[in-house]
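Tertiary structure, described
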Amino acid sequence: MIYQFHSKAGPDVIMLSDLSQRIFDIIEHPLEKRGILVAERLPEFIARLESAIAADVASKSSAPDTPSDSDQEKPTADRLGQRAFPFLELMKQSRAANEPIVWGV
């Protein structure tokens, strides 16, 4: 399934269900076919997602490095951060404009 997230504050973000579910598990909000993230809770959701991204990067960087493996692991070292970046930016823009994020409408 594909989710398209809308906000008056920024461009739409389209994500597949696996990434959407992972992000919504992190921010501890249910992911349904239709929904809304109210502006009042966005600072909390942003903090949770940024914390998870930082933890993901830290866990990848603490893995033992071997010369042959280091080149292969660098592109995916912050994969959550790369994949979640558009949604994180939409949340930040929505928070700044005090606008909700909706999907499935």
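Below you will find a few notes about this structure. Only a predicted model underlies this, so the values are computations on that prediction, with no experimental measurement involved.

So, on to the pattern of salt bridges. Tallying each qualifying case throughout the model produces 6 salt bridges. With its nearest N and O atoms 3.5 Å apart, the salt bridge here joins Glu-28 to Arg-48. Of this pair, Glu-28 sits in the loop between helix H1 (17–26) and strand S3 (35–37) while Arg-48 sits in helix H2 (residues 42–61), and the two are 20 residues apart along the sequence. Under the relative-accessibility criterion, Glu-28 is labelled exposed at 56%. Here Lys-92 and Glu-89 are joined by a salt bridge, their closest N and O atoms 4.0 Å apart. Here Glu-89 and Lys-92 lie together in helix H4 (residues 79–97), a separation of 3 residues that amounts to about one turn.

Within the element layout of this structure, Glu-99 appears in the loop between H4 and strand S4 (101–103). Of the residues examined, Glu-99 reaches a relative accessible area of 23% and is grouped as partly exposed. Sequence separation between Glu-99 and Ala-39 is 60 residues, and the spatial gap between their C-alpha atoms is 5.4 Å. Residues in contact with Glu-99, not counting those within four places in the same chain, are Ser-7, Lys-8, Ala-9, Ala-39, Leu-42 and Ser-94.

Parameters and conventions
Residues numbered from 1 in each chain as written. Predicted model: local features only at pLDDT ≥ 70, side-chain atom pairs only at ≥ 80, totals over all residues. Heavy atoms only, no water. Salt bridge = Lys/Arg side-chain N within 4 Å of Asp/Glu carboxyl O. Helix = DSSP H or I, 4+ residues; strand = E, 2+ residues; numbered from the N terminus. Buried < 20%, exposed > 50% of the residue type's maximum accessible area, 1.4 Å probe, protein only. Contact = heavy atoms within 4.5 Å.

The analysis is restricted to geometry; functional conclusions fall outside its scope.
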